[in-house]
Amino acid sequence: MDYPGNLFVVAAPSGAGKSSLVKALMELDSQVQPSVSHTTRAPRGQEKHGREYFFVSQQEFDSMVLGGAFVEWAHVHGNRYGTSKKAVEERIASGTDVVLEIDYQGALQIKRIFTNAVLVFILPPSWEELRSRLERRGEDSPEVIEMRLKNAAEEMAQAREFDFVIINELFERALFDLKAIVHAQRLKFTAQRRSRADTFKALNII
Ligand SMILES: Nc1nc2c(ncn2[C@@H]2O[C@H](COP(=O)(O)OP(=O)(O)O)[C@@H](O)[C@H]2O)c(=O)[nH]1
Ligand SMILES: Nc1ncnc2c1ncn2[C@@H]1O[C@H](COP(=O)(O)OP(=O)(O)O)[C@@H](O)[C@H]1O
């Protein structure tokens, strides 16, 4: 189905920089809104319920799954994460662009449902840099960091399934690339047709 709003999906191994890039994109672009996922993971230091995630219990997550509240959900690094239908459908149907920051399993589920979704995979420049970003972030225990690095190989092997790949070496360069993808999608004939419909009509092309 073709919605007036665009759907962008950004995935990456833990520590590659997807949250930082999406946050920076959002600060520059008021037309795109993030979707806040539900997770059974515990909050990190500065994280707030309803801002980074809705932090829910296993039982709450189970009842959302049973109630069909998720458009996609997956097990990632020992926890469950899901995107609620509410967070996506109403907004893209009303013409807002939405960005999902989810793992590759969720991204591939989304592409099957929203065939026009644009899938972007963020890669780190090297394994050494990925490890050092996770360590510098200082939010996860050494065991959690090891598990995330171990999972990163399998996650990165999925990059070829995505529409675009950005290597996040220099932050500003990677942000420029992400902005370019968003901009190009908006210029597609089908996407955001509403905002340009008057011109198309005046030119007699729709
Ligand atoms: N499938 C799915 N994955 C999600 C969702 N929300 C977050 N994730 C992914 O779960 C993984 C772990 O996220 P998080 O614990 O915040 O750690 P981070 O990757 O280091 O930021 C990341 O790959 C996220 O993109 C969601 O709603 N669905
Ligand atoms: N291009 C970059 N160069 C150096 N450090 C970066 C870059 N991009 C992100 N970082 C840092 O790396 C760490 C992990 O980034 P984050 O956005 O939390 O990753 P993710 O959301 O993919 O787990 C953070 O401390 C962030 O400030």
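Along every chain, residues carry numbers that run from 1 in the direction the sequence is written. Written order determines the labels here, with chains lettered from A and ligands numbered from 1. Reporting of local features is limited, given that this is a predicted model, to residues whose pLDDT is at least 70; pairs of side-chain atoms are given and counted only at 80 or more, and all residues count toward the totals for whole chains, interfaces and linings.

- Naming follows an unreviewed UniProt entry, where the protein chain appears as Guanylate kinase of Ramlibacter rhizophilus.
- Listed under Subcellular location (unreviewed entry) in UniProt, the entry text for the protein chain is "Cytoplasm".
- The Function (unreviewed entry) comment attached to the protein chain in UniProt states, word for word, "Essential for recycling GMP and indirectly, cGMP." UniProt positions are given in the numbering used here, feature names are shortened, and annotations may be inferred rather than shown by experiment.

## Some words on the site of ligand 1
Part 1 of the reasoning: The full set close to ligand 1 counts 19 residues, and Ser14, Ser37, Tyr81, Ile102 and Gly106 are the nearest of them.
Part 2 of the reasoning: Numbered from the N terminus, helices here are DSSP runs of H or I no shorter than four residues, and strands are runs of E no shorter than two. Elements with a contribution of two residues or more to the shell around ligand 1: β5 (70-76), β6 (79-84) and α4 (104-113).
Part 3 of the reasoning: The element best represented in the shell around ligand 1 is β5, accounting for 4 residues.
Part 4 of the reasoning: Classification convention: Asp, Glu, Lys, Arg as charged; Ala, Val, Leu, Ile, Met, Phe, Trp, Tyr, Cys, Pro as nonpolar; all other residues, Gly among them, as polar. Among the residues making up the shell around ligand 1, the classes are represented as 6 nonpolar, 9 polar and 4 charged. We call a residue near a molecule or strand when its C-beta atom, built from the backbone, sits within 6 Å of it.

## What about the site of ligand 2?
Part 1 of the reasoning: Around ligand 2, a shell composed of 15 residues is seen, among which Gly17, Ser19, Ser20, Arg133 and Phe171 lie nearest.
Part 2 of the reasoning: Mapped by element, the contributors of at least two residues to the shell around ligand 2 are α1 (18-28), α5 (127-137) and α7 (171-186).
Part 3 of the reasoning: Taken together, the residues of the shell around ligand 2 sort by class into 5 nonpolar, 6 polar and 4 charged.

## Let's talk about the UniProt feature "binding site: ATP" (unreviewed entry) in the protein chain
Part 1 of the reasoning: As annotated by UniProt and renumbered to match this structure, "binding site: ATP" (unreviewed entry) occupies Ala12, Pro13, Ser14, Gly15, Ala16, Gly17, Lys18 and Ser19.
Part 2 of the reasoning: Among the secondary structure elements, alanine 12 is positioned in the loop between β1 (7-11) and α1.
Part 3 of the reasoning: Once C-beta atoms are placed from the backbone, any two residues with those atoms within 7 Å are in contact. For alanine 12, the residues in contact, after removing those within four places along its chain, are Gly17, Lys18, Phe121 and Ile122.
Part 4 of the reasoning: In this structure, serine 14 sits in the loop between β1 and α1.
Part 5 of the reasoning: Apart from the residues within four sequence positions on either side, serine 14 is in contact with His77, Leu134, Arg148 and Ala152.

## Some points on the packing of α1 against α7
Part 1 of the reasoning: Axes, fitted as lines to C-alpha atoms, cover a helix only where it is in contact. Angles between the N-to-C directions of the axes lie from 0 to 180 degrees. For the pair α1 and α7, interaxial distance at closest approach is 10 Å and the crossing angle is 60 degrees. Relative to α7, the element α1 lies oblique. Like other packed secondary-structure pairs, α1 and α7 cross with a definite hand, here right-handed. Where α1 approaches α7, its residues Leu21, Ala24, Leu25 and Leu28 are matched on the opposing element by Ala174, Leu175, Leu178 and Lys179. Every angle not falling under 35 degrees, over 145, or within 65 to 115 is termed oblique; those three ranges are roughly parallel, roughly antiparallel and roughly perpendicular. Crossing handedness follows the turn of the near helix against the far one: under a right angle anticlockwise gives a left-handed crossing, and clockwise gives a right-handed one.

## Some thoughts on the nonpolar core
Part 1 of the reasoning: Judged by nonpolar contacts, the single largest core of 40 residues is most densely connected at Val9, Val10, Val120 and Ile122.
Part 2 of the reasoning: Among the elements that take part in this core, strand β8 (residues 118-123) stands out by supplying 6 residues, more than any other.
Part 3 of the reasoning: Beyond its immediate chain neighbours, meaning those up to four positions away, valine 9 contacts Leu100, Ile102, Ala107, Ile110, Ala117, Val118, Leu119 and Val120. Among buried residues, those of type Ala, Val, Leu, Ile, Met, Phe, Trp, Tyr and Cys that are joined through C-beta atoms within 7 Å form a set called a nonpolar core. To sort residues by burial, count the other C-beta atoms lying within 10 Å of each one's C-beta; a count of 20 or more means buried, 12 or fewer means exposed, and anything in between means partly exposed. C-beta atoms are built from the backbone.

## Some points on the sheet that holds strand β2 (residues 32-34)
Part 1 of the reasoning: DSSP-based pairing: two strands are paired if at least 2 bridges between them are found. Pairing is parallel in the open sheet, where 5 strands are placed in the order β2-β7-β1-β8-β9. Strands with a single pairing partner mark the edges of an open sheet, and in this sheet they are β2 and β9 (164-167). Here the strands of the sheet are splayed against their neighbours by 25 degrees on average, with no regard to which way each runs.
Part 2 of the reasoning: Where β1 and β8 come together, 4 bridges link them in parallel fashion. Paired with phenylalanine 8 across the two strands is valine 118, which belongs to β8.
Part 3 of the reasoning: Here α4 sits on the sheet and contacts β1, β7 (97-101) and β8; the angle it forms with β1, its principal contact strand, is near 160 degrees.

## Things to note about the UniProt feature "domain: Guanylate kinase-like" (unreviewed entry) in the protein chain
Part 1 of the reasoning: Under the local residue numbering, the UniProt record ascribes the feature "domain: Guanylate kinase-like" (unreviewed entry) to residues 5-183.
Part 2 of the reasoning: Along residues 5-183 the backbone is 44% helical and 23% strand, and the end-to-end C-alpha distance reaches 13 Å.

## Side note on helix α8 (residues 193-202)
Part 1 of the reasoning: When you tally the buried positions in α8, you get 0 out of 10 residues, a small fraction of the element.
Part 2 of the reasoning: Positioned one or two residues after α8, asparagine 204 has a phi angle of 65 degrees, which is positive.

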